[in-house]
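These are the residues of each chain, in order.
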Amino acid sequence: MHYIYKWLICLVTGAFFIACTSSSSDRPTYVAGEIFNPNTNYITITKNDSLVDTVYLNKNNKFNYVFKDKPHGLYTFWHYPESQFFYIEPGDSLLFRLNTLEFDESLMFSGDGAVQNNFLNEMFLLNENNNNLIFSYYKIPPQKFANLTDSVKTQRQIKLAKLAKNHGFCEDFFQFADKTILYEYYDMRERYSFLLHRYMPRLTRHIPTNFYDYRKEANFNDSTLMSHYTYQRFLDNYIKNKSIENCKNTPTQNCFSLSSVANLKKRIEISDSIFSDKQLKEQFIKRFAIQGLTFSETPTEIQDILRLSRKSFTDSNKIKEITALAQMQEHLLPGKSITNIQLLNSTGETVNVVEKFKKPIISFNWSIKSSAHYKAQHKLIHSLREKYPEIVFIGINIDIGDIKSWQTLTENIGFNPEYEYQLKDNGIDKKLYQHYLNKVLFINKKGIVWKNTIQLNDPYLEQHILAFLNH
C-alpha cells in the first residue's frame, strides 16, 4: 500500500494540483451557514487563537460572513462551548450546516472548499474513534501496533491522493492535509507508548528499535498547524512522555503522576527547550504553569512554577495572569482560612457558609457555560451527599455577576438551593476561576483548608473523603 501511495503522489504532484489563481482570489471569500438548536445568538471565528471576528445569527439562525482580507489556511469556528476548524482559500464560498445536539457528527460543508473540509472533518471523526480504540490497542504487542498504525496512515494518505487527483486540490491544502494524517499517526504512537509503559511494562522490551523514528521528522514549530487539534495533541503527548522518561532517573517519584508539580515543572522545561515559535512556547508553558499552580500545596511549589514560567514569557499580560493566579492559590493552600470568602445564596444574600453549617465542607466549582459538565457534577455530588451526611457538599457557581441566569437554571433543573451558592464579586479577575472548575476544596468545620488539589473526577475521591472524615 505504501508503494501505491507513492505512485498516486507522483500523479498528483505531476499533473493534478491546481494553482490558487488570481481569478479565484479576486472573488469575495465568505463562510455562511445555519445552526440548529443554537446555544447563543452568535459565532466567533479565530485563527491561531486570535479573534478574527464575531458574527451574529439572524432570526432564522443563519449567518453570513465575508472576510475583509484574503484568508488562507486553518481557522476555527466557535459556537460556545463547541468548536470546529475549517480550511479556507481566497475565493472560497464555504457553507456550514450543523446541529448543536450532535455538533461534530452533524457538521457538513458545501460550496467551494467543501470537499477539502469534509475530508478534514471525516479525519477528525476517525481520530476521535481512535481515542476509544487506543485503550484496547495498547494491549497488543508493539510490532503489531506499529503495523496497524502504518496501515491506518497509508489508507488515509491514499484516500487524500485520490481526492486530490479527482478534485484538483491546491498544493498548499494537500500538504496541510497530509501533515494532519502524519501527526495523527505520530500521536497514536505517543499515546500507545504512554499506556504501554504505564499498564503493560513487560511488553516495552519488545518495542522495535525504529518505533520512534518519526520523532526525528516531527516539526515542533509548524505555524501552519498551530491550532490544529491533532498537532496540539501530539505535542502534548510527546512532552508528557519525555517528562516521564526523565522522571525514571528519579526512582523515588511516581513518574505517572501527571498532576504533580514535579512533573509539570519538567514539562515547562521541555516546552522551553523544544519550541522556538514564541506563540507555541508560551501557549504550552502557560497551560502547564496554570496546572502547576492549581496543584501546588506549598508556597515553595508556587514560587518554583512562577520562576520557570516567567523566564519564558515575553507577553506581560501572561506574566500578570500567572502572578494573579499564584496569589489566588496562596490563599487556598492547606492550613489557610477561607472564612473571609463571600458567597451569595439563592436569594442574593451574602452568606458565610462556615458559620452557617458548622460542619466539615467539601465545595466544588461549576459554571453555567459548562453544560456538559455541571449536570454530571451535581449528580455525583448528590450521591456523595447521601452517602456522607456528616459532610456538607456545596456547589459554588463561578459566573460572577450573572446571578439571574444562575438562579433561573438552578431552579429549572431542581438543584437544592440549600447547597447552591455563587461567588460574590471580590475584585479578582473572574477569568481566573475558570482554572478551578473541576477542583474540590476540603474545609474543616473551623473554615481551614485541609486539601486543595483533588479533582471531582479523581478515581480515589472517596478515599480522600474518608481520610478527611478521619483526620
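Please read all numbers here as calculations on a predicted model, not as lab measurements.

Draft legend 1. Quick peek at the side chain of Asp 222. Relative to the assigned elements, Asp 222 resides in the loop between α7 (214-217) and α8 (229-247). Using a relative accessible area of 6% as the deciding quantity, one classes Asp 222 as buried. Here Lys 179 takes part through its side chain, which lies 2.9 Å from a polar atom of the side chain of Asp 222. When neighbours within four sequence positions are excluded, Asp 222 is seen to be in contact with Lys 179, Tyr 231 and Leu 280.

Draft legend 2. Examining unusual backbone geometry more closely. Unusually for a residue other than glycine, Asp 49 sits at a positive phi of about 70°. Within the secondary structure, Asp 49 is located in the loop between β2 (42-47) and β3 (50-56).

Draft legend 3. The pairing of strand β13 (residues 420-423), seen in detail. A two-sided burial pattern is seen for β13, the buried positions comprising Glu 420 and Gln 422 on one face and Tyr 421 and Leu 423 on the other. Looking at chain direction, strand β9 (residues 343-344) and β13 are connected through two bridges and run antiparallel. By the bridge assignment, Leu 343 is partnered in β13 with Leu 423. As judged from the three bridges shared by strand β12 (residues 392-397) and β13, these two strands associate in the parallel manner.

Draft legend 4. How the structure looks around the side chain of Thr 46. Looking at where Thr 46 falls in the secondary structure, it is placed in strand β2. Not counting residues up to four positions away in its chain, the partners in contact with Thr 46 are Leu 51, Val 52, Tyr 75, Thr 76 and Trp 78.

Draft legend 5. Main features of the state of the cysteines. Taken as a whole and assessed by the stated rule, the structure comprises one disulfide. Across a sulfur-sulfur distance of 2.3 Å, Cys 247 and Cys 255 are joined as a disulfide pair. The sign of the -85° torsion about the S-S bond sets the Cys 247-Cys 255 disulfide as left-handed. With relative accessibility at 8%, the residue Cys 247 sits in the buried group.

Draft legend 6. Spotlight on the packing of helix α10 (residues 278-294) against helix α12 (residues 316-330). At their nearest, the axes of α10 and α12 sit 9 Å apart, and the two run at 10° to each other. The angle between α10 and α12 places the two elements in the roughly parallel class. Judged by residue contacts, Glu 282, Lys 286, Ala 289, Ile 290, Leu 293 and Thr 294 of α10 engage Lys 318, Glu 321, Ile 322, Leu 325, Ala 326 and Gln 329 from α12. For the contact of α10 with α12, the per-class residue count stands at six nonpolar, two polar and four charged.

Draft legend 7. Structural context of the sheet that holds strand β5 (residues 73-79). Spatially, β3-β2-β5-β6 is the arrangement adopted by the four strands of the open sheet, whose pairing is antiparallel. The sheet terminates laterally at β3 and β6 (82-88), the two strands that pair on one side only. Taken pair by pair, the neighbouring strands of this sheet meet at an average axis angle of 25°, ignoring direction. For β2 and β3, the ladder comprises six bridges, and the chain directions are antiparallel.

Draft legend 8. Local environment of the pattern of salt bridges. Applying the stated criterion to the full structure yields 24 salt bridges. Across the pair Glu 321 and Lys 286 runs a salt bridge, and its minimum N-O distance is 3.0 Å. Taken together, the residues span a long stretch of sequence, with Glu 321 in helix α12 and Lys 286 in helix α10 at a distance of 35 residues. For Glu 321, a relative accessible area of 24% gives the class partly exposed. Measuring nitrogen to oxygen at the nearest pair gives 3.4 Å for the salt bridge that ties Lys 318 to Asp 315. Members of the salt-bridge network, linked through shared partners, are Glu 184, Asp 187, Arg 191 and Arg 233.

Draft legend 9. Quick look at the sheet that holds strand β14 (residues 440-443). In space, the seven strands of this open sheet follow the order β10-β9-β13-β12-β11-β14-β15, with mixed pairing throughout. The strands lining the two open edges of the sheet, one partner per strand, are β10 (350-351) and β15 (449-451). Relative to β12, strand β11 (residues 361-366) is paired through six bridges, and the arrangement is parallel. Following the sheet pairing, Asn 365 is matched in β12 by Ile 396. Where helix α15 (residues 403-413) meets the sheet, its contacts fall on β9, β11, β12 and β13, and the angle it forms with β13 comes to roughly 165°. Each of β11, β12, β14 and β15 is contacted by helix α16 (residues 461-470), which is oriented at about 15° to β14, the strand it contacts most.

Draft legend 10. Fine view of the packing of aromatic side chains. Within this structure, the stated rule accounts for 41 aromatic pairs. With a centroid separation of 5.0 Å and 85° between ring planes, the pair formed by Tyr 183 and Tyr 186 is classed as edge-to-face. Of this pair, Tyr 183 and Tyr 186 both sit in helix α6 (residues 171-199), three residues apart, roughly one helical turn. Overall, Tyr 183 belongs to the buried group, its relative accessible area being 5%. Here the basic side chain of Lys 240 rests over the ring of Phe 194, its NZ or CZ set 4.3 Å away from the ring centre.

Draft legend 11. Examining the pairing of β12 more closely. Burial within β12 is extensive, with six of its six residues counted as buried. Each parallel crossover has a hand, and for β12 linked through α15 to β13 it is right-handed.

Draft legend 12. Structural detail: the environment of Ala 289. Structurally, Ala 289 can be placed in helix α10. When its relative accessible area of 0% is taken as the criterion, Ala 289 is described as buried. Separated by 33 residues in sequence, Ala 289 and Ile 322 place their C-alpha atoms 7.5 Å apart. Apart from the residues within four sequence positions on either side, Ala 289 is in contact with Ile 268, Ile 305, Ser 309 and Ile 322.

Draft legend 13. Expanded view of α16. All of the buried residues in α16 are Leu 461, Ile 465 and Phe 468. Buried residues in α16, looked at end-on, bunch into an arc of 60°, giving them a common side. Away from its buried face, by an angle of more than 90 degrees, α16 presents the exposed residues Gln 463 and Asn 470.

About the cut-offs
Residues numbered from 1 in each chain as written. Predicted model: local features only at pLDDT ≥ 70, side-chain atom pairs only at ≥ 80, totals over all residues. Heavy atoms only, no water. Helix = DSSP H or I, 4+ residues; strand = E, 2+ residues; numbered from the N terminus. Buried < 20%, exposed > 50% of the residue type's maximum accessible area, 1.4 Å probe, protein only. Polar contact = N/O pair within 3.5 Å; in protein donor to acceptor, adjacent residues only side chain to side chain. Contact = heavy atoms within 4.5 Å. Pairing = 2+ DSSP bridges. Disulfide = S-S within 2.5 Å. Axes fitted to C-alpha atoms, helices over the stretch in contact; angles between N-to-C directions. Parallel < 35°, antiparallel > 145°, perpendicular 65-115°, else oblique. Nonpolar A, V, L, I, M, F, W, Y, C, P; charged D, E, K, R; others polar. Salt bridge = Lys/Arg side-chain N within 4 Å of Asp/Glu carboxyl O. Phe/Tyr/Trp six-rings, centres within 6.5 Å; stacked < 30°, edge-to-face > 60°. Lys NZ or Arg CZ within 6 Å of the ring centre and 35° of its normal. Right-handed = clockwise from strand over helix to strand, strands pointing away. Arc of directions from axis to C-beta.

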